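These are the residues of each chain, in order.
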Amino acid sequence: MSDCCEKYPDFIAICSFLNVFGPQIEKTGEDSVPSPCTLKNWLEGVETGRPTRKSVNRGSPLTKFIFTLLSKLTIEREKCKDVSDVDRFLVAFTLTQGMTYQYALLRDWGFENIPLKEKIAIIRRLLEAQLDQNKNVIDSAMFAKGFDIRHEPLGRDVAGNFYWHFVEGRHSLVVKELINPKSEPLCLVVKNEETAQMLLAHIKQYKPQKSEKNGEKVRKSKTATTCGRCRQNFKNEQILDEAIRFDNTEWFCPNCEQQKLIENVTEFFLTEE
């Protein structure tokens, strides 16, 4: 399988940032800040074609986006003022951020020619830096309510993978965060009932396994945790679960987590208003 953005957790963080602060990054009216789906296409070389070193100098959409982020930062007492200087400023940025591996790659190959995983890591760090130096983003974060800047997943499947939802115009982009390395990645634009059913079918392929340690029921145990939904008991040492519970004060077993995810997807995409 070819490399794709949804394989890397940093891409989820990028999507969340763009979903909340994207309009605040650049307020000049220029269309230089992409939606999550558009950024995915740029990073994977879809539609625009994979840029060459020559096209970088002319400014591909991806390079222009990186330039927009760099132009808001002061790096070694300088600001990036031209698209052709993107690689030079990225080298300086990664060095000041302690990203030694990415620094070496950028120095030798330039941004457009490094692996997808490292591009995503650099973009995430550039976005995080906006919270320190981009006044528009800082003001937005300062005056926003907690609910406005917190992004929560639709839920997670029985294998432990989270499903994140981002608005894409009139449609929705659903990205699966791979927690279980044996699971298949997913990035799906849900725009009608057919694609919503495809999402449900993908989720339902993960069947509960009786042999799994974190799925064995315990009738009587002093060291057991009770599922807040089905009320079944599970041995504490068999619960391989360190995920954040978000607003849930109770622990839910994997089977109930998946059922709740299915209910959320059905309500969000298939229930008529």
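That block above? That's the structure.
Description of the structure in this document. (Residues numbered from 1 in each chain as written. Predicted model: local features only at pLDDT ≥ 70, side-chain atom pairs only at ≥ 80, totals over all residues. Heavy atoms only, no water.)

1. Comments concerning the nonpolar core
Step number 1: The biggest cluster of nonpolar side chains holds 51 residues, and the ones touching the most others in it are F65 and I123.
Step number 2: Of all elements in the fold, only helix 1 (9-25), helix 2 (36-44), helix 4 (61-71), helix 5 (86-96), helix 6 (100-109), helix 7 (116-133), strand 2 (162-168) and strand 3 (171-177) reach the threshold of two or more residues within this core.
Step number 3: Considering every element that reaches this core, the biggest residue donor is helix 1, with 9 residues.
Step number 4: Discounting chain neighbours no more than four positions away, the residues touching F65 are L18, S32, V33, P34, L39, W42, I123 and L127. (Core = buried A, V, L, I, M, F, W, Y, C linked by side-chain atoms within 4.5 Å. Buried < 20%, exposed > 50% of the residue type's maximum accessible area, 1.4 Å probe, protein only. Helix = DSSP H or I, 4+ residues; strand = E, 2+ residues; numbered from the N terminus. Contact = heavy atoms within 4.5 Å.)

2. Section: the sheet that holds strand 4 (residues 187-190)
Step number 1: Spatial ordering of the open sheet is given by 1-2-3-4, a layout of 4 strands whose pairing is antiparallel. For this open sheet the edge positions go to strand 1 (155-156) and strand 4, each flanked by a neighbour on one side alone.
Step number 2: Where strand 1 and strand 2 come together, 2 bridges link them in antiparallel fashion. Residue pairing for strand 2: R156 is matched across the bridge by F162.
Step number 3: With respect to the sheet, helix 10 (residues 193-204) is in contact with strand 2, strand 3 and strand 4, its orientation differing from that of strand 4 by roughly 145°. (Pairing = 2+ DSSP bridges. Axes fitted to C-alpha atoms, helices over the stretch in contact; angles between N-to-C directions.)

3. Re unusual backbone geometry
Peptide bonds are mostly trans, and most non-glycine residues show a negative phi.
Step number 1: Of note, the phi angle at E76 is positive, near 50°, even though the residue is not glycine.
Step number 2: Looking at where E76 falls in the secondary structure, it is placed in the loop between helix 4 and helix 5.

4. Topic: the pairing of strand 3
Step number 1: By the criterion of burial, strand 3 is predominantly enclosed, with 6 of the 7 residues buried.
Step number 2: Relative to strand 3, strand 2 runs antiparallel, the two sharing 7 bridges. Its bridge partner lying in strand 3, H165 is registered against V174.
Step number 3: In sequence, strand 2 turns back onto strand 3 through a hairpin of 2 residues, with G169 there showing a positive phi of about 65°.
Step number 4: Sheet topology places strand 3 next to strand 4; 4 bridges connect them, and they run antiparallel. Considered in strand 4, the bridge of L173 is made with V189.

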